[in-house]
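The lines below spell out each chain.
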Amino acid sequence: MKNFALIGAAGYIAPRHLKAIKDTNNELIAALDRFDSVGIMDSYFPDADFFVEPERFDRHLEKLKYDKGIELDYVSICTPNYLHDSHIRMALRRGADAICEKPLVLNPWNLDALQKMEQESGKRVWNILQLRLHQSIIDLKKKVEAAPKDKVFDVDLTYLTSRGNWYYTSWKGDFSKSGGIATNIGVHFYDMLSWIFGDVKQNVVHVQTHDRSAGYLEFERARVRWFLSINYDVIPEEIKAIGQRTYRSITIEGEELEFSGGFTDLHTRVYEGVLDGNGFSLEDARQAIEIVHDIRNATPIGLKGEFHPFAKI
Ligand code: NAD
């Protein structure tokens, strides 16, 4: 049984990590969040210690080690994106591996620095890239690999979701903390696309605002028009009419990828891989981090070239 600590225990995604730690028969020994609304811990690890101050959290872990011989094996990181780098460093300094939410870091050079720290500490950094374990995505990768090597696929990616006004007040709406929509929401999709279709050849941004982002990505094996939005108004009327606030579509050569279910327990699957030494590494995270960094720093060219039809809205 491995010992875990978790940072960001009061947030939206933390329960999936608590569940993954529990499902893989491991122990949570301590958690940290500066917000103390963490009753959720009772459903998983009522005996874990909880802290709102990093100093006391750190002291506790140190005392467990030196007074009781209890080693920390992993730190799960569920904090805002801009804090991942710091919290990963905390984990490695404590002699634990880090299991960190996406996007692992905001900039490609952060990966280089963390790689050095991995070498110095002998500990590893693992990333949650759960879409790579989704059956539809695995099947698509196999299909692409089985196709003639010179085949380049035409792909349209549309992800329309709805976020209320809270989003813009929270860290998620703060470009410097979340990286904006393409970084915060899109990173899953860019990772999946580059995993399936290979290296990036071209990265063009058409639109980039507070509530939507659109562009064109060319990979070795795909030409992708992409559009992401968090504004309810962008959702097609027929989707709103059936009471849905999210619309997700990925077409490959005009054919819809069936991608609606199959999301439950993917965090647990990622944890299983990590525990077997087969998790997603810093290097696995690199291409998507490069893509989101380039999107974030691009000057949008407007509606020119291969833009997604929704970009006109
Ligand atoms: P959230 O705002 O709901 O939770 C973040 C938590 O971190 C909060 O409880 C906050 O109090 C805490 N926190 C902030 N600063 C802290 C600090 N310095 N020390 C300790 N705790 C601190 O956000 P969320 O939606 O749970 O997102 C957390 C992470 O998970 C983000 O990186 C996000 O991109 C990622 N995420 C991943 C998925 C996925 O599908 N894999 C889905 C949603 C979010």
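From a predicted model like this one, the values you see are computed outputs, not experimental measurements.

Procedures and definitions
- Residues numbered from 1 in each chain as written.
- Predicted model: local features only at pLDDT ≥ 70, side-chain atom pairs only at ≥ 80, totals over all residues.
- Heavy atoms only, no water.
- Pairing = 2+ DSSP bridges.
- Helix = DSSP H or I, 4+ residues; strand = E, 2+ residues; numbered from the N terminus.
- Contact = heavy atoms within 4.5 Å.
- Axes fitted to C-alpha atoms, helices over the stretch in contact; angles between N-to-C directions.
- Near = heavy atom within 4 Å.
- Polar contact = N/O pair within 3.5 Å; in protein donor to acceptor, adjacent residues only side chain to side chain.
- Areas by Shrake-Rupley, 256 points an atom, 1.4 Å probe, with all protein chains shown as cover.
- Nonpolar A, V, L, I, M, F, W, Y, C, P; charged D, E, K, R; others polar.
- Domains from an automatic or database assignment.
- Salt bridge = Lys/Arg side-chain N within 4 Å of Asp/Glu carboxyl O.
- Phe/Tyr/Trp six-rings, centres within 6.5 Å; stacked < 30°, edge-to-face > 60°.
- Lys NZ or Arg CZ within 6 Å of the ring centre and 35° of its normal.
- Expected span 1.5 Å × (residues − 1).
- Buried < 20%, exposed > 50% of the residue type's maximum accessible area, 1.4 Å probe, protein only.
- Arc of directions from axis to C-beta.

### Some points on the sheet that holds strand β7 (residues 153-160)
The strands making up a sheet associate through backbone hydrogen bonding, with each pair oriented either parallel or antiparallel.
And then number 1: Read from one edge of the open sheet, 6 strands run β8-β9-β10-β7-β11-β12, paired in mixed fashion. Looking at which strands have only one partner, the edges of the open sheet turn out to be β8 (200-208) and β12 (255-256).
And then number 2: Pairing analysis gives 2 bridges linking strand β11 (residues 247-252) to β12, with the strands arranged antiparallel. Each residue of the ladder has a partner; that of I252, found in β12, is E255.
And then number 3: Helix α8 (residues 181-197) contacts β7, β8, β9 (212-219), β10 (222-229) and β11 of the sheet and is inclined by roughly 160 degrees relative to β10.

### Focus on the site of the ligand
And then number 1: Taken together, 24 residues are adjacent to the ligand, and D33, N81, Q130, W171 and K172 come closest.
And then number 2: Contact between the ligand and R34: a nitrogen atom at 3.5 Å from a side-chain N or O atom of the residue.
And then number 3: When the ligand sits alone it has 850 Å² of accessible area, and the protein chains cover 85% of it.
And then number 4: When contributions to the shell around the ligand are tallied by element, the ones reaching two or more residues are α3 (84-93) and α8.
And then number 5: Grouping the amino acids of the shell around the ligand by side-chain chemistry returns 9 nonpolar, 10 polar and 5 charged.
And then number 6: Structurally, the shell around the ligand is a two-domain feature, drawing no fewer than three residues from each of domain 1 (3-130) and domain 2 (131-260 + 282-312).

### Details of the domain arrangement of the chain
And then number 1: Looking at the assigned domains, one finds that the chain contains domain 1 (3-130) and domain 2 (131-260 + 282-312).
And then number 2: For domain 1 and domain 2, the distance between their C-alpha centroids amounts to 28 Å.
And then number 3: In this complex, domain 1 contributes 20 residues to the contact, which on the side of domain 2 involves 23 residues.
And then number 4: There are 1 salt bridge connecting domain 1 and domain 2.

### Concerning the packing of aromatic side chains
And then number 1: Using the criterion set out here, one finds 10 aromatic pairs in the structure.
And then number 2: Between W166 and Y167, the ring centres sit 5.6 Å apart and the planes meet at 65 degrees, which makes this aromatic pair edge-to-face.
And then number 3: Through pairs of rings, three or more aromatic residues link up here, namely F4, Y74 and Y271.
And then number 4: The positively charged end of K22 is found above the aromatic ring belonging to F45, 5.0 Å away from the centroid.

### Observations regarding helix α2 (residues 54-68)
And then number 1: Over its 15 residues, α2 runs 20 Å from end to end, which matches the ideal 21 Å to within 8%, given 1.5 Å per residue.
And then number 2: Residues of α2 that are buried: F57, H60, L61 and L64. For α2, the angular spread of buried residues about the axis comes to 95 degrees, placing them on one side. α2 presents E55, R59, Y66 and D67 as exposed residues on the side facing more than 90 degrees away from its buried surface.
And then number 3: Positive phi shows up at G69, right after α2, with a value of about 70 degrees.

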